Amino acid sequence: MSAGRAVPPAYPGESALRVAVANRSRGIAVALSRQPGFVVPAAIVVLMVVGLAAPLAVAVPALLLIVVFMAWLAFLSWPVLGTGPRAMRLVAVAIVAAALVGRVGGWI
């Protein structure tokens with residue numbers, strides 16, 4: 001299947017927004033899946049260290065990138081997840097968002 005071809009909803013009741021985001025994200029998701037297994041987690045660790053240790057002008061974009069990436073992955077995988085994995089994804093996004101708020105607020 002080509003990266004540009006639209007895919008119909010995979011699950012009953014799936015919203016048009018989720019289908020559109022999944023269709024637009026396919027190329028990026030395929031590119032990420034072709035990377036060695038350590039690349040994405042290593043990039044997240046590096047961005048998190050930068051987000052917690054670098055000056056604010058560098059930290060905020062690094063943490064924002066992690067929050068957006070994790071939220072995007074959660075959004076794409078949401079229909080196939082059970083309650084536990086959904087909760088874990090929400091908690092993970094909330095932790096990084098809290099770190100972002102903490103950095104901006106000067107608490108971290």
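Conventions used here
Residues numbered from 1 in each chain as written. Predicted model: local features only at pLDDT ≥ 70, side-chain atom pairs only at ≥ 80, totals over all residues. Heavy atoms only, no water. Helix = DSSP H or I, 4+ residues; strand = E, 2+ residues; numbered from the N terminus. Buried < 20%, exposed > 50% of the residue type's maximum accessible area, 1.4 Å probe, protein only. Contact = heavy atoms within 4.5 Å. Areas by Shrake-Rupley, 256 points an atom, 1.4 Å probe, with all protein chains shown as cover. pLDDT = per-residue confidence, 0-100.

Asker: Any chance you could explain the overall build of the protein here in plain terms?
Answerer: Along the backbone of the protein there are 4 helices and 0 strands. Ordered by position from N to C terminus, the α and β elements of the protein give α-α-α-α. Here the protein holds 108 residues, and the buried ones make up 24% of them. Across the protein, every contact between residues at least 6 apart in sequence was considered, and the portion connecting residues at least 24 apart equals 57%. With the model as given, the accessible surface of the protein reaches about 6900 Å², and the carbon-plus-sulfur share is 75%.

Asker: For this particular structure, what's the right way to read the confidence of the model for the protein?
Answerer: Close inspection of predicted coordinates is inappropriate for parts of the model with low pLDDT. Of the residues in the protein, 88% have a pLDDT of 70 or more, and the chain-wide mean is 89. The spread of mean pLDDT over the elements of the protein runs between helix H1 (residues 16–33), the lowest at 90, and helix H2 (residues 39–53), the highest at 96.

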